[in-house]
Structures are given as structure tokens and as C-alpha cells.
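Each chain is listed here by its residues.
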Amino acid sequence: MIELRRLAVDDGMDIYMMLQEIPKEENGLLNKANGLSFAEYKEWLKEKYEGSEQIGIVDGWKVPSTTYWLYVDENPVGFGNVRHFLTDALRNAGGNIGYGIAPKYRGKGYGKKLLELLLKEANQLGMDKALVTIHLDNAASRAVALANGGVITGETDERLFIWIDTTQKD
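In this text, all values refer to a predicted model and were calculated from it rather than measured experimentally.

A.B. asks: Sorry if this is basic, but what is going on with the packing of helix 1 (residues 13–21) against helix 2 (residues 38–53) here?
C.D. replies: Across the interface, helix 1 lies against helix 2 with an axial gap of 11 Å and an inter-helix angle of 100 degrees. In terms of axis orientation, helix 1 runs roughly perpendicular to helix 2. From helix 1, Met 13, Ile 15, Tyr 16 and Leu 19 reach across to helix 2, where they touch Phe 38, Tyr 41 and Trp 44. Among the residues forming the contact of helix 1 with helix 2, the class breakdown is 7 nonpolar, no polar and no charged.

Pasting the structure below:
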């Protein structure tokens with residue numbers, strides 16, 4: 001069974017261990033929980049949860065963002081973030097959705113499923129389309145975004161800009 005679960009402040013060791021497996025920074029995705037002690041991770045969960053509940057822009061740049069865990073057969077295999085809206089800076093680097101799969105679970109189609117579920121969450125937040133920015137050399141994420149109906153709308157020396165309709169039906 002595959003399901004998406006929203007981050008909760010009482011998430012435990014299973015999530016913590018999965019986050020230690022995903023690199024701190026890889027292809028533009030930041031995993032700020034990598035390298036934290038378990039106590040620090042628990043504080044990080046509280047901050048992430050509060051960030052999902054905020055209204056408007058905080059500190060001049062932080063937009064509300066909700067984190068989700070992808071579970072397969074009751075085991076966490078990846079995570080994703082959905083930013084509730086974009087600033088000009090986030091349109092140029094960041095986008096609405098970021099996601100990562102733990103290395104031992106890659107190549108099994110979980111990235112595609114995770115993005116599909118995150119797009120549904122983005123739609124529930126009122127977005128009819130979502131931006132995913134992908135490093136040029138990240139062929140796997142490019143394939144995942146295109147498989148979810150993404151359209152490449154721009155490119156820089158570093159990244160692709162792919163917009164995806166969140167209103168797609170199964």
C-alpha cells in the first residue's frame with residue numbers, strides 16, 4: 001500500500017532514519033534533517049509544522065510549506081514539500097514542489113507516485129498548476145515531472161522550469 005502522510009510533530013524514529021539516508025543536499029534538494037540528533041530532529045519537526053501553518057511571508061522570504069512522507073507498506077521511503085505559493089525568487093529557483101526518495105528505494109517508481117500525490121495536495125491548497133525546478137543533470141527528476149504531465153517552459157544554465165497541471169484526473 002502506498003500513501004502520503006502529512007508531517008506531524010510526533011513523527012518518530014522511522015522518519016528520522018529515512019531522513020538520515022537522504023543526502024543533506026542533492027540535485028538542489030535540501031534535507032535539513034540529515035545529520036541532526038534525534039532531539040534536534042524533534043525540534044525541526046515542530047518548526048516544519050509551524051511553517052505549514054503560517055500565513056503570508058515570514059522574514060521577507062519564507063512562504064508556507066507543508067511536508068509529507070511517502071509510505072510504502074508502512075515504511076517511509078521519501079518526502080516532499082509543497083510551497084503554498086511562490087515569490088519571484090522562488091519562481092526562479094525552488095518552485096512549488098520538491099521531493100526526494102531514499103537511495104535504496106530509487107528506481108522503483110516511487111518518485112513518480114510521490115510527485116503525483118504532491119500535485120493532488122497542491123490542488124487541495126488551491127493551485128491549478130505547480131512549478132517544479134530541476135537541475136539540468138537530474139534526468140530522473142525530469143522524467144518524473146514529464147511523466148506527471150509536466151511541460152518544460154524555460155531553462156537556465158542550471159535548471160529546467162517545469163509547470164504541471166494539478167487538476168489532472170486519474
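Next comes the rest of the description.
A.B. asks: What exactly am I supposed to notice about helix 4 (residues 110–124) here?
C.D. replies: Quick reminder: α-helices carry 3.6 residues per turn. Residues three or four places apart thus point the same way. Between its first and last C-alpha atoms helix 4 spans 21 Å; for 15 residues at 1.5 Å apiece the expected length is 21 Å, and the two agree. Where helix 4 is concerned, the buried positions are Tyr 110, Gly 111, Leu 114, Leu 115, Leu 117, Leu 118, Leu 119 and Ala 122.

A.B. asks: Help me understand the sheet that holds strand 8 (residues 151–155), please; the structure alone is not making it clear to me.
C.D. replies: Within a beta sheet, neighbouring strands are joined by backbone hydrogen bonds and run either parallel or antiparallel to one another. Pairing in this open sheet of 3 strands is antiparallel, and the strands run 7-9-8 from one edge to the other. Two strands bound the open sheet, and with one partner strand each, they are strand 7 (129–135) and strand 8. Within this sheet the neighbouring strands show an average axis-to-axis angle of 25 degrees, counted without direction. Of the strand pairs in this sheet, strand 8 and strand 9 (residues 159–165) are connected by 4 bridges, and their pairing is antiparallel. The residue bridging Val 151 from the neighbouring strand is Trp 163, located in strand 9.

A.B. asks: I keep staring at the environment of Thr 67 and nothing clicks. Help me out?
C.D. replies: By the secondary structure assignment, Thr 67 is in strand 4 (residues 65–72). Taking the C-alpha atoms as reference, Thr 67 lies 5.5 Å from Leu 7; in sequence the two are 60 residues apart. Among residues more than four places away in sequence, those in contact with Thr 67 are Arg 5, Arg 6, Leu 7, Lys 48, Gly 80 and Asn 81. A polar atom in the side chain of Thr 67 sits 2.5 Å from the side chain of Asn 81.

Procedures and definitions
Residues numbered from 1 in each chain as written. Predicted model: local features only at pLDDT ≥ 70, side-chain atom pairs only at ≥ 80, totals over all residues. Heavy atoms only, no water. Axes fitted to C-alpha atoms, helices over the stretch in contact; angles between N-to-C directions. Helix = DSSP H or I, 4+ residues; strand = E, 2+ residues; numbered from the N terminus. Parallel < 35°, antiparallel > 145°, perpendicular 65-115°, else oblique. Contact = heavy atoms within 4.5 Å. Nonpolar A, V, L, I, M, F, W, Y, C, P; charged D, E, K, R; others polar. Expected span 1.5 Å × (residues − 1). Buried < 20%, exposed > 50% of the residue type's maximum accessible area, 1.4 Å probe, protein only. Pairing = 2+ DSSP bridges. Polar contact = N/O pair within 3.5 Å; in protein donor to acceptor, adjacent residues only side chain to side chain.

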